[in-house]
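# Architecture at a glance
Residues per chain are reported as follows:
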Amino acid sequence: MNENFSITPRIIAHFGEFLIKDEKIALVELVKNAYDANARHCWVDFHDQDGKVVQLIIKDDGRGMSENIVRNAWLVIGTDYKQREIDKVGKGERVPLGEKGVGRLGVHKLGRLITLITKAKESPEIELTINWDDLAGAATLDDFGIPVTIRETPSFFKGVETGTIIKIDKLKSGWDRRQLREVYRNLMSLNNPFAETNEDFVVKVESNNPYIFQGMQSFEDIISNGGMYYGSCTMEGTSIVEFQYDYKPWRTLTKVTSGRHIGLSDLDSVDLTLTGRKVVNEEGREKEIDYQINLGENGLKIGKIKFDIIIFETDTQLFNYINTEKKTIKDYLKENGGIRVYRDNVRVYNYGERDNDWLGIDLKRVHRLGGNVSNNIILGAVRLDRLSSKGLEEKTNREGFIENESYLGFVDAINYVLSLIVRMRNEDKERLTMLYRENKAVEPVLSDLDDAIQYVEKKVSDPKDKKYLTKCLKRVNEQYKTVKSTLIKSANAGLNLSIVIHEIDKQISALTGAAKRGEQERVANIAANLEKIVRGYTLMIRKSSVLEGDLYEVIRLAVNNYEFRFSDHKIKVIVEYDDAHLRARFAKSEAVAVLTNLLDNAIYWVSKTREKDNRIISIYLTQQIAGYSTIVVSDNGPGFNIGTDVAVQPFITGKPNNIGMGLGLHIASEMMHAIKGNLVFYEDTELLLPDNIRNNGAVKAIVALCFPMV
């Protein structure tokens, strides 16, 4: 005996009422149907009566529907009609956005009485009415009748006009001002504002009440007044194939002499490869690694991606210079900020909405404490081709893509190019910020304290009060320096500790494997390695005083600390010196820690960009720099991809995907200043590097640790 499925009319309510998240998505789905109907225009009219929206009308000038399509497609749930339309699309023709055939049921979310009027070419005008109130009393679908009127003489579409009108009455929502502004924003963002032209499909939001949408800002108004950092990128296959970054400071920032432009040819080859981060399991341990993203047909099946972004400057000390209403820009960004996704220049929801941080932008900013952007200072768009991006499948409820492998790779690709643009923006922002620190030293807290002391000296007349206040401020000054010095040392110890833990973890894994295999000699060697690693780290965190000593000892200890990392990464280390017994004044633990920090950066870059048989790091001890005994570190990696003038600032990093805290060089510089030394960047033409170093190509990323000469 066989049984069959049966369906009650309530299934229609489930699809419409419960599958579609909210009113704005329901309206967007109806507008997308107009796009699929090859319309040039779609009008959404909010009809007001006595200050209340009582009717919605969605009208388009598309191809309309014939009687056959109305009966066998529009009134049939879940047909493959849209998919068949997609399959028939020729080159250069518009590709339908829908494919599951349930989006039109969003009308049930909006109102209880629906009137559909449509006319196709060389077909009669058709009108049908759906009263959802009748649904509750219907036992079967046959009981839920829908009256259809066919007019040979059209009442609405005159002459050769075609299209569709949907009138929605008995509205379910009260449509307060917040909802109206929200839906206006969503409907107007349905078109990609970065597209070269939007004339192919234009959405117009209207009302008989002129005050409903009064004061709503346009995209063009905002970017013409507030944008400062602009990025554009095209990705295809495994690479970035087009790239442009422009820094356009406002004309009111008169201290800035010029902007900056970076094109594809200005990027290093390592930057052009699309790189993601993923967690893998190796021998029972989770490890985060880089991987190459492939958008092509033999990879994620996403095709070409175009990415555009504008980053706004809203920091108070700079935002005061903007020549427009600041609140207007901030309000617009609060409502519209984020990165949206468009297929064939029509938006895919819910990406870019305030509650959908799909790229983790705000989360990364919180974790990293600085150097990243947030959703409320950016406007961005991701453009996809409908046919090429078949690896990305939309969810039935129209709330984005199914989170499959293609989607995860898609997110990684966007995050990667975003990190490149943010890296460039961070450089320009840092320079701009330093320029507009009104007569401030690089140390803003100490500068403020000095200002306060000078103010007391000039303005406080009572000698006793003046002496007391000055003494207090100077004491705060000294306490600040002490606290800062302690925190810098702790931060450096923390950075080195993370490296040590990583090394210990690898050694323990190797130790466990050797023990299981009964390799006694190997176990003994690894145990000795572990002891050496711990001893080296203990030296770096041990308190030491500034004394006279041999700098070569600092080099020896730092190289010993990284002996295993050099071996593991197949890195050749060149040590050269003018005099092996050069002496200077330094604190041994701090000096070793700073040199170790530089070596860690060098290991990262040569391992990432050079083959295993061509990885070189050099350490050179010299007296070339007057007044100093100097340790020069360089390598044969790609060199600095951020300006050295801002490289020592906190939270500025050149690593892909903005990994790391961007604190290494900042801490190293601060520690060198604490022992009366300097951290200085050089070009290869500015130093006489030994032939052994030059012949091996280790002339990139040159950093000099300058210690006071004895």
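Owing to the predicted nature of the structure, the values given are computational and were not obtained by experimental measurement.

### Structural notes on unusual backbone geometry
Backbone torsion omega between Tyr349 and Asn350 reads 15 degrees, so that peptide bond is classified as cis. Along the polypeptide, Asn350 turns up in the loop between strand E15 (346-348) and helix H11 (361-368). Located in the positive-phi region is Lys170, a residue other than glycine, with phi close to 50 degrees. Within the secondary structure, Lys170 is located in strand E6 (residues 163-171). Using a relative accessible area of 38% as the deciding quantity, one classes Lys170 as partly exposed.

### A look at the pattern of salt bridges
Under the criterion given, the structure shown has 25 salt bridges. Here Asp428 makes a salt bridge to Arg260, at a shortest N to O gap of 3.0 Å. Remark: Arg260 occurs in strand E10 (residues 260-263) and Asp428 occurs in helix H12 (residues 405-435); sequence separation between them is 168 residues. When its relative accessible area of 23% is taken as the criterion, Arg260 is described as partly exposed. The partner of Glu427 in a salt bridge is Arg431, with the nearest N and O atoms 3.1 Å apart.

### Notes on the packing of helix H16 (residues 551-561) against helix H18 (residues 588-609)
Close contact between H16 and H18 brings their axes to 9 Å; oriented N to C, the two are set at 50 degrees. With respect to H18, the element H16 is oriented oblique. Considering how the two elements wind past one another, H16 and H18 form a crossing that is right-handed. On H18, the residues touching Glu553, Val554, Ile555, Leu557, Ala558 and Asn561 of H16 are Lys588, Ala591, Val592, Leu595, Thr596 and Leu599. Looking at the contact of H16 with H18 residue by residue, the class counts come to eight nonpolar, two polar and two charged.

### Considering H12
Relative to the 45 Å expected for 31 residues at 1.5 Å per residue, H12 spans 45 Å between its end C-alpha atoms, a close match to the ideal helical length. Counted residue by residue, H12 has 26 buried out of 31 residues, so it is predominantly covered. Taking the backbone nitrogen of Ser406 as reference, a side-chain oxygen 3.2 Å away marks Asn404 as the first, capping residue of H12.

### Describing the side chain of Arg615
Along the polypeptide, Arg615 turns up in the loop between H18 and strand E20 (616-622). Buried charge Arg615 goes without a salt bridge, the closest partner of opposite sign being Glu611 at 6.2 Å. A polar contact of 2.8 Å, which involves the side chain of Arg615, links it to the backbone oxygen of Arg610.

### Observations regarding the nonpolar core
Counting 64 residues, the largest nonpolar core has Met235, Phe307, Ile339, Trp358 and Phe410 as its most contacted members. Broken down by secondary-structure element, the contributors of at least two residues to this core are strand E8 (227-236), strand E9 (239-247), strand E13 (305-312), helix H9 (316-319), helix H10 (326-336), strand E14 (338-343), strand E16 (378-384) and H12. The greatest single-element share of this core, amounting to 13 residues, is contributed by H12. If you look at the next biggest cluster of nonpolar residues, it comprises 44 residues, including Val44, Phe46, Val183 and Ile212.

### Some words on the packing of H18 against helix H20 (residues 664-674)
Two elements in contact, H18 and H20, have axes whose closest approach is 10 Å; the angle formed by their N-to-C orientations is 155 degrees. The angle between H18 and H20 falls in the class roughly antiparallel. Between H18 and H20 lies a crossing of left-handed hand. On the side of H18, the interface is formed by Glu590, Val594, Asn597, Leu598 and Asn601, while H20 contributes Gly664, Leu665, Ala668, Met671 and Met672. A class-by-class count of the residues in the contact of H18 with H20 yields six nonpolar, three polar and one charged.

Reading guide: rules and limits
- Residues numbered from 1 in each chain as written.
- Predicted model: local features only at pLDDT ≥ 70, side-chain atom pairs only at ≥ 80, totals over all residues.
- Heavy atoms only, no water.
- Helix = DSSP H or I, 4+ residues; strand = E, 2+ residues; numbered from the N terminus.
- Buried < 20%, exposed > 50% of the residue type's maximum accessible area, 1.4 Å probe, protein only.
- Salt bridge = Lys/Arg side-chain N within 4 Å of Asp/Glu carboxyl O.
- Axes fitted to C-alpha atoms, helices over the stretch in contact; angles between N-to-C directions.
- Parallel < 35°, antiparallel > 145°, perpendicular 65-115°, else oblique.
- Left-handed = near helix turned anticlockwise from the far one by under 90°.
- Contact = heavy atoms within 4.5 Å.
- Nonpolar A, V, L, I, M, F, W, Y, C, P; charged D, E, K, R; others polar.
- Expected span 1.5 Å × (residues − 1).
- Polar contact = N/O pair within 3.5 Å; in protein donor to acceptor, adjacent residues only side chain to side chain.
- Lys, Arg positive; Asp, Glu negative; His and termini not counted.
- Core = buried A, V, L, I, M, F, W, Y, C linked by side-chain atoms within 4.5 Å.

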